[in-house]
Amino acid sequence: MNCREAVEHLYEYLDKELTPQVEREVRQHLEDCQPCLEQFDFEDAFLKFLQARCRGRCAPPELKRRILHELFGE
Amino acid sequence: MTEPTTPGTPTPVDDRRESFEREALVHLDTLYRVALRLTGNAADADDLVQETMLKAYRAWHQYQQGTNAKGWLLTILRHAFINEYRRRTRHPETVDVDAIEPFAVFEDLQEEDPQGRFFDQIVDDEVLRAIDELPEQFREAIVLSDVEGMSYEEVARILSVPIGTVKSRLFRARRLLQAKLYDYAVGMGYIKGSRA
Ligand SMILES: [Zn+2]
């Protein structure tokens, strides 16, 4: 696998959506290719950052009470 | 009049309620986060989630227990949003999302910040604001995949589009979001950057 092919699979690789065969080929390429590895790490850091920043919000307790009341009359 | 039931004997209503609480209500936070990003404000998000739960409870007999309740609920939520809220809360899309040329932030920062440390300096509200500025098709792809961690297949099912469309939207959505956060970080002086 060359650099262009590896980068084409970048997000599918990070999202764990590749077949085991292709995933192995990408991993192999990253072991041998520092520039691609840096780019993959950068994108990986971005995706982890996104999730960390956005997962914090929870539904307000008042909303849960409203829903329980509406559904079960409590 | 219904027969009084012996305490301790589960009635069908108890069963229904119990399974709904166990399989559906546990996804309340996910529904709320997605609703917030779709509607763009807390009051509408509250109403949208409440309506979704109500519709889901009424249709609970159609749901196959043990299958993907989160996806099922999100599909209901999205339809409710499209039918009842979108016209009211957001302007119709004027952007041709396919024409958006993705900018590769990494290429620009390869020298200055190849590890993307500048992301750490950007606070929650700024990220959420940047997501809210994305075209709706990008916003929903990002929220379902990156925030809620759903698979391409699940996202494709919820959005009723092919998996290939999910992939390409995610690609462009992520790049566009990166570019927005990059511009913000340059503006704040977190990074120098060199984008003209
Ligand atoms: Zn390479």
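Refer to the preceding data block for the structure.
What comes next concerns the included structure. (Residues numbered from 1 in each chain as written. Chains lettered and ligands numbered in written order. Predicted model: local features only at pLDDT ≥ 70, side-chain atom pairs only at ≥ 80, totals over all residues. Heavy atoms only, no water.)

1. With respect to the coordination of the zinc ion
Residues and elements named next belong to chain A.
Here's step 1: Looking at the zinc ion, the protein donor atoms are Cys3 (SG), His29 (NE2), Cys33 (SG) and Cys36 (SG), and they sit 2.1 to 2.4 Å from it.
Here's step 2: One way to put it: the 4 donor atoms around the zinc ion meet at angles of 104 to 112°, and that makes the site tetrahedral.
Here's step 3: Mapping the donors of the zinc ion onto the primary sequence gives the spacing C-x25-H-x3-C-x2-C. The same class applies to cysteine 33 as to cysteine 36, namely buried. (Donors = N, O, S within 2.8 Å, 3.2 Å for Na, K, Ca; no water. Tetrahedral: all angles 85-135°; square planar, octahedral: opposite > 155°, others 65-115°. Buried < 20%, exposed > 50% of the residue type's maximum accessible area, 1.4 Å probe, protein only.)

2. Structural notes on the nonpolar core
Here's step 1: Phe20, Val49, Phe118 and Leu177 of chain B are the most contacted members of the largest nonpolar core, which has 84 residues in total.
Here's step 2: The dominant element in this core, judged by the number of residues it contributes, is helix 4 (residues 69-89) of chain B, at 9 residues.
Here's step 3: Two domains share this core, each providing at least three of its residues, namely domain 1 (12-88) and domain 2 (97-187) of chain B.
Here's step 4: What valine 49 of chain B contacts, discounting residues up to four positions off in sequence, is Leu63 and Ile67 of chain A together with Leu28, Leu31, Tyr32, Ala35 and Leu77 of chain B. (Core = buried A, V, L, I, M, F, W, Y, C linked by side-chain atoms within 4.5 Å. Helix = DSSP H or I, 4+ residues; strand = E, 2+ residues; numbered from the N terminus. Domains from an automatic or database assignment. Contact = heavy atoms within 4.5 Å.)

3. Concerning the pattern of salt bridges
Residues and elements named next belong to chain A.
Here's step 1: Overall, the coordinates contain 22 salt bridges over all chains when judged by the stated rule.
Here's step 2: For glutamate 62, the salt bridge goes to arginine 65, with nearest N and O atoms at 3.1 Å. Pair noted here: glutamate 62 and arginine 65 are both in helix 5 (residues 61-72), with a separation of 3 residues, about one helical turn.
Here's step 3: The class of glutamate 62 is partly exposed, set by a relative accessible area of 44%. (Salt bridge = Lys/Arg side-chain N within 4 Å of Asp/Glu carboxyl O.)

4. Structural notes on the interface of chain A and chain B
Here's step 1: Taken residue by residue, the interface counts 31 residues in chain A and 47 residues in chain B.
Here's step 2: Summing both partners gives a buried area of about 3800 Å² for chain A against chain B, and 62% of it is carried by carbon and sulfur.
Here's step 3: Of all residues in chain A, the largest losses of buried area upon contact with chain B belong to Phe42, Arg53 and Arg57 of chain A, amounting jointly to 20% of the total for that side.
Here's step 4: The interface formed by chain A and chain B holds 6 salt bridges in total.
Here's step 5: The partner of aspartate 47 of chain B in a salt bridge is arginine 66 of chain A, and the shortest N-O contact between them spans 2.9 Å.
Here's step 6: Across the chain A-chain B interface, the total number found is 15 residue pairs in polar contact (both at pLDDT 80 or more).
Here's step 7: When residues in the side of chain A that touches chain B are grouped by element, the largest group, 13 residues, is from helix 4 (residues 34-54) of chain A.
Here's step 8: Split into classes, the residues belonging to the side of chain A that touches chain B amount to 17 nonpolar, 2 polar and 12 charged. (Buried area = accessible area lost by both parts, 1.4 Å probe. Polar contact = N/O pair within 3.5 Å; in protein donor to acceptor, adjacent residues only side chain to side chain. Nonpolar A, V, L, I, M, F, W, Y, C, P; charged D, E, K, R; others polar.)

5. Describing the side chain of threonine 30 of chain B
Here's step 1: For threonine 30 of chain B, the position within the fold is in helix 2 (residues 28-39).
Here's step 2: Residues in contact with threonine 30 of chain B, not counting those within four places in the same chain, are Lys70, Leu74 and Glu148 of chain B.

6. Quick notes on the packing of aromatic side chains
Here's step 1: All chains considered together, the criterion is met by 15 aromatic pairs over all chains.
Here's step 2: On the numbers, 5.2 Å between centres and 45° between planes, the contact of phenylalanine 46 of chain A with phenylalanine 119 of chain B is tilted. Here phenylalanine 46 of chain A is found in helix 4, whereas its partner phenylalanine 119 of chain B is found in the loop between helix 5 (105-109) and helix 6 (124-132) on a different chain. A single burial state applies to phenylalanine 46 of chain A and to phenylalanine 119 of chain B, both of which are buried.
Here's step 3: Between tyrosine 63 of chain B and tryptophan 72 of chain B the ring centres are 5.2 Å apart and the planes differ by 45°, which places this aromatic pair in the tilted class.
Here's step 4: Given a relative accessible area of 5%, tyrosine 63 of chain B falls into the buried group. (Phe/Tyr/Trp six-rings, centres within 6.5 Å; stacked < 30°, edge-to-face > 60°.)

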